[in-house]
Amino acid sequence: MCRSELYNRYNSKIVDTKYIFVTGGVVSSLGKGIISSSLARLLLSRGYRVTIQKFDPYINIDPGTLNPYEHGECYVTVDGHEADLDLGHYERFTDIRTTRANNVTTGRIYQSVIDKERRGDYLGKTVQIIPHITDEIKRNVKLLGNTGDYDFVITEIGGTVGDIESTPFLEAVRQLKWEMGRNALFVHLTYVPYLKAAKELKTKPTQHSVKQLQSLGIQPDILVLRTEKELPVTMRRKVAQFCNVAPEAVIESLDQPTIYQVPLRMHEQGLDQMVLHIMGVGDAPEPDLTQWNTFLHKLAAADKTVTIGLVGKYVALQDAYKSICESLMQAATRLDHKVNIVYVNSEKVTEGNVEEQLKDMAGVIIAPGFGQRGIEGKFVALKWCREHDVPTFGICLGMQCMVIEFARNVLGLKDANSTEMDFHTPYNVIDLMEEQKNIMNMGGTMRLGAYACELAEGSRVAQAYGTTSISERHRHRFEFNNEFLDRYESAGMKCTGRNPDANLVEVVEIPGKRWYIGTQYHPEYSSTVLHPNPIFIDFVKAAIAYSETEQKK
Ligand code: GLN
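These numbers were taken from a predicted model, which means no experiment stands behind them.

So, on to the site of the ligand. The immediate surroundings of the ligand are formed by Pro-368, Gly-369, Phe-370, Cys-396, Leu-397, Gln-400, Glu-420, Arg-475, His-476, Arg-477, Phe-478 and His-522. Separating a nitrogen atom of the ligand from a side-chain N or O atom of Glu-420 is a distance of 2.7 Å. In this structure, an oxygen atom belonging to the ligand sits 2.9 Å away from a main-chain N or O atom of Arg-477. Computed on the free molecule, the ligand has an accessible area of 300 Å², of which 99% lies beneath the protein chains in the complex. Those elements giving two or more residues to the shell around the ligand turn out to be helix H16 (397-409) and strand E19 (469-476). Tallied by class, residues from the shell around the ligand come to 5 nonpolar, 4 polar and 3 charged.

And the structure:
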């Protein structure tokens, strides 16, 4: 029986899971995550079952302990894994829910091998990088594929070919290719620089990068060349010839106005067709990109702009609030608007300048975060927003700041604070959760992942979601202190979302206001291009209404 007979778009599957490995060369930050996500989008749109995973060569067990300045935002999966921000791209492009199995680091691999060594699993053997570390990598690479739930598993290898750190991963996938034959394929992403002085595109770095890969025993099947200028056909042929790949397998990835155009460009260039062809999948249905195109069309057609202020301390770093920015863009697009996000450095917000900094905002987001730095500016911003009735959205630490500001300025609880910022505060309106009190280790020990939340009937937040039962992802140690709840409720700040099992306050809002809501959870992690999170849509809607009516007065 041939593959095409075995494949049926809706109720059958490709017999063997197929593994696509995506590597990068020449420089970092080329967008392997975007290429992987785009390929996943295309294969999904053809009806295949796809997942994407990332193998990161650093020694941290996960990025949860990394400063956003090092690695951008820490993304959280439904099962409570603190993950690389590329997993956010994967979910936003594909609507696939990733898990801990989708993001593995060198640290995790070593930890597991060392645990096995201590248990005596290798008794009598010298434990070595090859075969023990590489076997553990291989085992992890195949974990999701072995569930039988996927036709394609796309594996992005973090780092750049030639890095000492990524070598064991490349050795492991080299072995896998040898074992899997046609069921494994390599896509290598490189950069073609344009030399202004010579007025020329240069393919030499690509040739070197491929040589380096070949010297490790890996022959790429497809090359994706990232470039700022169109590559002439002759140049692609030249690359094909030097690198042992078919000319049609040299794909150009020209800079795009938005990353969400990349799936279309890749399809036009034949990336998904090439993958299917090389892997021997015949009779593949054409991708159905109708919904994707609708989104892109709305994105391009939106002619009005809504301006949102994002008050946080990581202002110099666009990746630190990646998922929030993407969620705002998705929501605004749904509402036929462009979004202009203005970063407001919370360290610089004072009573004297807050009006100047926030007066042009149709809505304000108070960002999540950790620690004392920039916190007072968030209180100043919140007081101004609350008193001027600007649509305001507090996320995680932002919600906690809403609670603290309300305590200080409405309840009259002077010096109220979170015990994270002031351990000796007289009013610990935000306090360490009971189950966090004996935790000493910093890594992976917060309240993480998706938890159920019951929303109050008739509340704005329930209206926004269109339901009273939701599930959203968390990443925090501190919580609203229920001892103060009555005082808040009688003064007008209501708890409108609660965890049904632990009774923790998950949402607060001030009902009389235009839109003043804080969520202890992070709705930005579950917002995708095709399914923007309803709370972001509702917030942006309120911001648009405010800018079109009141703000104009
Ligand atoms: N620092 C706060 C806590 O741990 C908020 C965390 C966050 O914003 N993600 O509870």
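Once you've had a look at it, read on.
Another aspect to go through is the pairing of strand E15 (residues 392-395). Residues of E15 alternate between two faces, with Thr-392 and Gly-394 on one and Phe-393 and Ile-395 on the opposite face, all of them buried. Pairing analysis gives 3 bridges linking strand E14 (residues 363-366) to E15, with the strands arranged parallel. The partner of Ile-366 across the bridge, within E15, is Gly-394. For the handedness criterion, the β-α-β arrangement of E14, helix H15 (residues 375-387) and E15 is classed as right-handed. As defined by bridge partners, E15 adjoins strand E23 (residues 516-519) across 4 bridges and the pair is classed as parallel. By the bridge assignment for E23, Phe-393 is matched with Ile-517.

Here we come to the pairing of strand E22 (residues 505-509). Among the 5 residues that make up E22, 5 are buried, leaving the element largely enclosed by the rest of the structure. Across 4 bridges, the pairing between strand E21 (residues 494-498) and E22 is antiparallel. Looking across to E22, one finds that Gly-497 is bridged to Val-507. The hairpin turn running from E21 into E22, its antiparallel successor, is 6 residues long, and Asn-503 in that turn takes a positive phi close to 65°. As paired elements, E22 and E23 share 3 bridges and run antiparallel to each other. Residue pairing for E23: Val-507 is matched across the bridge by Thr-519.

Conventions used here
Residues numbered from 1 in each chain as written. Predicted model: local features only at pLDDT ≥ 70, side-chain atom pairs only at ≥ 80, totals over all residues. Heavy atoms only, no water. Near = heavy atom within 4 Å. Polar contact = N/O pair within 3.5 Å; in protein donor to acceptor, adjacent residues only side chain to side chain. Areas by Shrake-Rupley, 256 points an atom, 1.4 Å probe, with all protein chains shown as cover. Helix = DSSP H or I, 4+ residues; strand = E, 2+ residues; numbered from the N terminus. Nonpolar A, V, L, I, M, F, W, Y, C, P; charged D, E, K, R; others polar. Buried < 20%, exposed > 50% of the residue type's maximum accessible area, 1.4 Å probe, protein only. Pairing = 2+ DSSP bridges. Right-handed = clockwise from strand over helix to strand, strands pointing away.

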